[in-house]
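Here are the chains, one letter per residue:
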Amino acid sequence: TAPPTTAVPSISPQPTSTYPRLKYVGDEWKPKSVFPLSECEGDCDSDHDCKDDLICFERHGTTEPVPGCLGGEDESKGTDYCSRKDAEIVTA
């Protein structure tokens, strides 16, 4: 008989449920109460629109994914969102 085999656990990426979804909350500081924007919130026009050390990720095209965020694939506006500088593209 053959010796028993041992299953080797696979390394999986961080579960997508831990990433925030894109959320449109305002534009050009309107409404003023939601600015500066948090991670994965839009619409930003510059880094100044984002909280702390987040950056404004300016998308090129309407379906370009935003690093560190889920959603936006079916968006038709191409809204720009705040993101972490070190964030990676999230794949479901």
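It should be noted that the structure appears before, not after, this text.
Rules and cut-offs
Residues numbered from 1 in each chain as written. Predicted model: local features only at pLDDT ≥ 70, side-chain atom pairs only at ≥ 80, totals over all residues. Heavy atoms only, no water. Helix = DSSP H or I, 4+ residues; strand = E, 2+ residues; numbered from the N terminus. Buried < 20%, exposed > 50% of the residue type's maximum accessible area, 1.4 Å probe, protein only. Contact = heavy atoms within 4.5 Å. Salt bridge = Lys/Arg side-chain N within 4 Å of Asp/Glu carboxyl O.

Visitor: I keep staring at the overall build of the protein and nothing clicks. Help me out?
Guide: Each helix and strand in the protein was counted, giving 0 helices and 4 strands. Helices (α) and strands (β) of the protein occur, in sequence order from the N terminus, as β-β-β-β. Relative to its full complement of 92 residues, the protein shows a buried share of 35%. At a minimum sequence separation of 6, the contacts of the protein that also span at least 24 residues come to 40%.

Visitor: Hey, could you run me through the pattern of salt bridges in this one?
Guide: Between side chains of opposite charge, a pair can form when the charged atoms approach closely. Enumeration according to the criterion identifies 2 salt bridges in this entry. Salt-bridge contacts for Arg-84 lead to Glu-39; the nearest nitrogen and oxygen are separated by 2.9 Å. Within this pair, whereas Arg-84 is found in the segment after strand E4 (81-83), its partner Glu-39 is found in the loop between strand E1 (23-24) and strand E2 (41-42), the two being separated by 45 residues in sequence. Note on Glu-39: relative accessible area 26%, which makes it partly exposed. Arg-84 serves as the salt-bridge partner of Asp-86, at 3.1 Å between the closest nitrogen and oxygen. Taken together, the shared-partner salt bridges in this structure form one network comprising Glu-39, Arg-84 and Asp-86.

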